[in-house]
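# Observations on the three-dimensional arrangement
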Amino acid sequence: AQAVPAVSFNLLTGALADRMDPRKLIMFGEGMAAALTFILATLTLTGLIEVWHILVIAFLTGAALAFDQPARRALWPLLVPRHQFMFGASMSQGIWNGTRVYAPALGTGIIALAGTIAGDFRLGAAVAFYVACFGFITMVTAAASIHLGEIRRSQGATILHDIRDGLAFTYQN
C-alpha cells in the first residue's frame, strides 16, 4: 500500500521538485508522514485500529513521501560539491538503507520493552509509532534549517512538459 503511490507519483513529484523549493516539498512530505504516523499511533493506543486504517495510512504516507526523494535529489547539487557526488550518494544510500534495517529493529525493541513493562504490546506499538513521528518531525526541522542561495528552477512550459523532457533525456542517455 505504501509502495504503489511512492512509485506512481514519482514522475509528478520529480517535476515538482524541479519547479518548487525542494525544502518545502521535503517539509510537506515529512510533515504529512508525521501527522499520519501520529494518527496511526493514536488509533493503536486507543485500541481503535483496524486493518483498513493501516492500509489507508500506508497509502497516504507513501503518497506524502513520494515528494521527499525527488526533492532530496534536487537539493544535492546545492549541498554537495560535484567532485564529491559519489561520496554523497554512497552516504545517502547507506543512511537510507540503514533506516530500513535499524528502524524496524529499534521499533521492535521499543514494542518488546514497553509491552513487557506495561503488559500490553499495543502500548509498545503506539510508543514505537510516536518515536517514528518524532523522526519525521526532526526531518522537517532539518529541512527548514537549510539555508541556500538562489535556486535555479525549471523553465519548462508545464509540469507535463518537464516530465516529457525528463523521460526523453533518460531515454537518450
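## A closer look at a nonpolar patch on the surface
- Taken together, the side chains of Val-4, Phe-9, Trp-52, Val-56, Phe-59 and Leu-60 define a hydrophobic patch exposed on the protein surface, amounting to about 540 Å² of accessible area.
- In terms of residue count, helix 4 (residues 51–65) provides more of the nonpolar patch than any other element does, 4 residues in total.
- As for its position among the elements, Phe-59 is in helix 4.

## Brief notes about the layout of surface pockets
- The calculated volume of the largest pocket comes to roughly 1,700 Å³.
- Residue lining of the largest pocket: 49 residues in total, with Leu-65, Trp-96, Thr-99, Arg-100 and Phe-136 positioned closest to the centre.
- Contributing elements (two or more residues each) for the lining of the largest pocket: helix 1 (3–8), helix 3 (22–46), helix 4, helix 5 (68–79), helix 6 (85–118) and helix 7 (121–145).
- Looking at which element gives the most residues to the lining of the largest pocket, the answer is helix 6, with 15 residues.
- Of the residues contributing to the lining of the largest pocket, the split by class is 32 nonpolar, 12 polar and 5 charged.

## Regarding the packing of aromatic side chains
- Using the criterion set out here, one finds 2 aromatic pairs in the structure.
- The interplanar angle of 85 degrees and the centroid separation of 5.2 Å between the aromatic rings of Phe-28 and Phe-67 together place this pair among those described as edge-to-face. Of this pair, Phe-28 sits in helix 3 while Phe-67 sits in the loop between helix 4 and helix 5; the two residues are 39 residues apart in sequence, bridging distant segments of the chain.
- Among the residues examined, Phe-28 registers a relative accessible area of 41% and is labelled partly exposed.

## Examining the packing of helix 2 (residues 10–19) against helix 8 (residues 159–172)
- Following both chains from N to C, one finds helix 2 and helix 8 inclined at 105 degrees, their axes separated by 9 Å at the closest point. In this view, helix 2 runs roughly perpendicular relative to helix 8, as classed from their interaxial angle. Facing Leu-11, Leu-12, Ala-15, Leu-16 and Arg-19 of helix 2, the residues of helix 8 in contact are Ile-159, Asp-162, Ile-163 and Leu-167.
- Tallied by class, residues from the contact of helix 2 with helix 8 come to 7 nonpolar, no polar and 2 charged.

Criteria and cut-off values
Residues numbered from 1 in each chain as written. Predicted model: local features only at pLDDT ≥ 70, side-chain atom pairs only at ≥ 80, totals over all residues. Heavy atoms only, no water. Patch = residues over 30% accessible without salt bridge, like charges linked within 9 Å, V, L, I, M, F, W, Y side chains within 5 Å. Areas by Shrake-Rupley, 256 points an atom, 1.4 Å probe, with all protein chains shown as cover. Salt bridge = Lys/Arg side-chain N within 4 Å of Asp/Glu carboxyl O. Helix = DSSP H or I, 4+ residues; strand = E, 2+ residues; numbered from the N terminus. 1 Å grid on protein atoms, 1.4 Å probe; cavity = no way out; pocket = protein on both sides within 12 Å on 5 of 7 lines; lining within 4 Å. Points joined across faces, edges and corners; volume = space filled by probe spheres on them. Nonpolar A, V, L, I, M, F, W, Y, C, P; charged D, E, K, R; others polar. Phe/Tyr/Trp six-rings, centres within 6.5 Å; stacked < 30°, edge-to-face > 60°. Buried < 20%, exposed > 50% of the residue type's maximum accessible area, 1.4 Å probe, protein only. Axes fitted to C-alpha atoms, helices over the stretch in contact; angles between N-to-C directions. Parallel < 35°, antiparallel > 145°, perpendicular 65-115°, else oblique. Contact = heavy atoms within 4.5 Å.

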